[in-house]
Amino acid sequence: RLKQGCSWKLRIHNELGPNGLDCNMTGLLPNQPLGTNGSYCFLNTTNIHTHGLHVSGIAPGDSIFTRLGPGNTGEWIFPIPAN
C-alpha cells in the first residue's frame, strides 16, 4: 500500500521477444508516430503509465516517452505527494 510522502520504485525487465520489424526499413524517422503506412515498430517495447496519481511526467517518473525494449530493464520512481 502506498502512503503519502513516500516513493514507489518499480523495476521492470522486458522479457518479450525481439521487436522483429526494422523501423529503418519502414522509413520511420526519430520522433515520428510509431505506425507508418500500415506498419508498426516497437511492438514488444513497453512502458509504465499511471492514471490518477498526481506525479511528475518527467523520467524516471510517469513519462509517456520512455521506451523499454526487449531484454532491457528499467526503473521508474513515483514520488507520492504528501497531500
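Calculation rules
Residues numbered from 1 in each chain as written. Predicted model: local features only at pLDDT ≥ 70, side-chain atom pairs only at ≥ 80, totals over all residues. Heavy atoms only, no water. Helix = DSSP H or I, 4+ residues; strand = E, 2+ residues; numbered from the N terminus. Buried < 20%, exposed > 50% of the residue type's maximum accessible area, 1.4 Å probe, protein only. Contact = heavy atoms within 4.5 Å. Areas by Shrake-Rupley, 256 points an atom, 1.4 Å probe, with all protein chains shown as cover. Polar contact = N/O pair within 3.5 Å; in protein donor to acceptor, adjacent residues only side chain to side chain. pLDDT = per-residue confidence, 0-100.

Engineer: Would you mind going over the overall build of the protein with me for this structure?
Structural biologist: A count of helices and strands for the protein gives 0 helices and 4 strands. Going from the N terminus to the C terminus, the protein shows its helices and strands as β-β-β-β. Taking all 83 residues of the protein together, the buried fraction comes to 19%. Once local pairs closer than 6 in sequence are excluded, the contacts in the protein between residues at least 24 apart make up 61%. Accessible surface, the protein as shown: approximately 6,200 Å² in total, 54% of it carbon and sulfur.

Engineer: Is there a simple way to explain the side chain of Ser-63 in this structure?
Structural biologist: Along the polypeptide, Ser-63 turns up in the loop between β3 (39-40) and β4 (73-79). Judged by relative accessible area, Ser-63 falls into the buried class, the value being 8%. Polar side-chain contacts of Ser-63 include one of 3.2 Å to the backbone nitrogen of Phe-65. Look past the residues within four positions of Ser-63 in its chain and what remains in contact with it is Asn-47, Ile-48, Gly-57 and Ile-58.

Engineer: Is there a simple way to explain the confidence of the model for the protein in this structure?
Structural biologist: Any segment with low pLDDT has predicted coordinates that should not be analysed in fine detail. When pLDDT is averaged along the protein, the result is 80, and 73% of the positions lie at 70 or above. Looking over the protein, one finds the lowest element-wise mean pLDDT in strand β2 (residues 35-36), namely 51, and the highest in strand β1 (residues 7-13), namely 94.

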